[in-house]
Amino acid sequence: MDSSEFLDFLSSRSSVRDFTPSPLEEHEIDPILSSARTAPSAGNREAWDVVAVTDGEVMDALAEAALSQPHIREAPCVLVVCANYIRSMSRYGERGILYAIQDATIACTYMMLAAHAGGLQSCWTGAFDEEEVKGILNLPAHIRPIAMLAVGRGKMPAERAARMDLSEHVHRDFW
Ligand SMILES: Cc1cc2nc3c(=O)[nH]c(=O)nc-3n(C[C@H](O)[C@H](O)[C@H](O)COP(=O)(O)O)c2cc1C
């Protein structure tokens, strides 16, 4: 794949919030999870973990914790991507908090793109009550939920979300 094909691949992804109830097969979920292992991480500490949720009752509770966003209930699979503070703070101290959040964010990005590559749709979901999610999933104290990735089969929106002009983001040499 050359860089223009890569950009086309990235540009062809959109967040999808309407999913069919059709369950995902293990062979569809496994490559998504495996993709996260290829992500870079601070000091190669891999300070991320993921809870792959397919149970309807757990999904109901997660949807409630995610401000009742329906796509969390309707997707056949929700990947709750977490920062593992012990793995990074044991080497990097306070700075390890930031590294673990970055590790989890990159892992989630890879999984989102792997879902896209596998012909599936997803929606990154960051609006949720962390304490509620920790309780529902029985997460230990050092595990912080960073993002939920709803994955399934859905319909791409008719229009891609608009983006700011690149020049609004990019600063050359100095701000
Ligand atoms: C950190 C983060 C948090 C997000 N939280 C939510 C969310 O809680 N609910 C939702 O429907 N979409 C959420 N999104 C998806 C964005 O709305 C979406 O990526 C953005 O509008 C651009 O659209 P696109 O993904 O189709 O390009 C989130 C995305 C990111 C990166």
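These lines cover the structure that appears in this document, whether it is placed above or below. Not measured: the values here are computed from a predicted model. (Residues numbered from 1 in each chain as written. Predicted model: local features only at pLDDT ≥ 70, side-chain atom pairs only at ≥ 80, totals over all residues. Heavy atoms only, no water.)

### Examining the sheet that holds strand S2 (residues 77-84)
Ordered in space as S1-S2-S4-S3, the four strands form an open sheet in which the pairing is antiparallel. The open sheet terminates on both sides in strands that have one partner only, identified here as strand S1 (48-53) and strand S3 (121-125). Pairwise comparison of adjacent strand axes, ignoring direction, gives a mean angle of 25 degrees for this sheet. Sheet analysis places S3 next to strand S4 (residues 143-152), joined by five bridges and oriented antiparallel. The residue of S4 that forms the bridge with Thr125 is Met148. Packing of helix H3 (residues 56-65) onto the sheet brings it into contact with S1, S2 and S4, and relative to S2 it is tilted by some 65 degrees. Its contacts with the sheet place helix H6 (residues 95-117) against S1, S2, S3 and S4, and it is angled at close to 155 degrees to S2. (Pairing = 2+ DSSP bridges. Helix = DSSP H or I, 4+ residues; strand = E, 2+ residues; numbered from the N terminus. Axes fitted to C-alpha atoms, helices over the stretch in contact; angles between N-to-C directions. Contact = heavy atoms within 4.5 Å.)

### Quick word on the packing of helix H2 (residues 26-36) against H6
Running from N to C, H2 and H6 cross one another at 145 degrees; their axes reach a closest spacing of 8 Å. Note on packing geometry: the crossing formed by H2 with H6 is right-handed. Residues Pro31, Ile32, Leu33, Ser35 and Ala36 of H2 form the contact with H6, whose participating residues are Ala107, Tyr110, Met111, Ala114 and Ala115. (Left-handed = near helix turned anticlockwise from the far one by under 90°.)

### With respect to H2
Taken together, the buried positions of H2 are occupied by Glu28, Ile29, Ile32, Ser35 and Ala36. The buried side chains of H2 occupy one side of the element, clustering within an arc of 120 degrees when seen end-on. Of the residues in H2, the exposed ones pointing more than 90 degrees away from the buried face are Glu26 and His27. (Buried < 20%, exposed > 50% of the residue type's maximum accessible area, 1.4 Å probe, protein only. Arc of directions from axis to C-beta.)

### Some thoughts on the packing of H3 against helix H7 (residues 130-137)
Where H3 meets H7, the closest approach of the two axes is 9 Å, and the angle between their N-to-C directions is 170 degrees. Judged on the interaxial angle alone, H7 and H3 are roughly antiparallel. On H7, the residues that touch Val58, Ala61, Leu62, Glu64 and Ala65 of H3 are Glu132, Val133, Ile136 and Leu137. (Parallel < 35°, antiparallel > 145°, perpendicular 65-115°, else oblique.)

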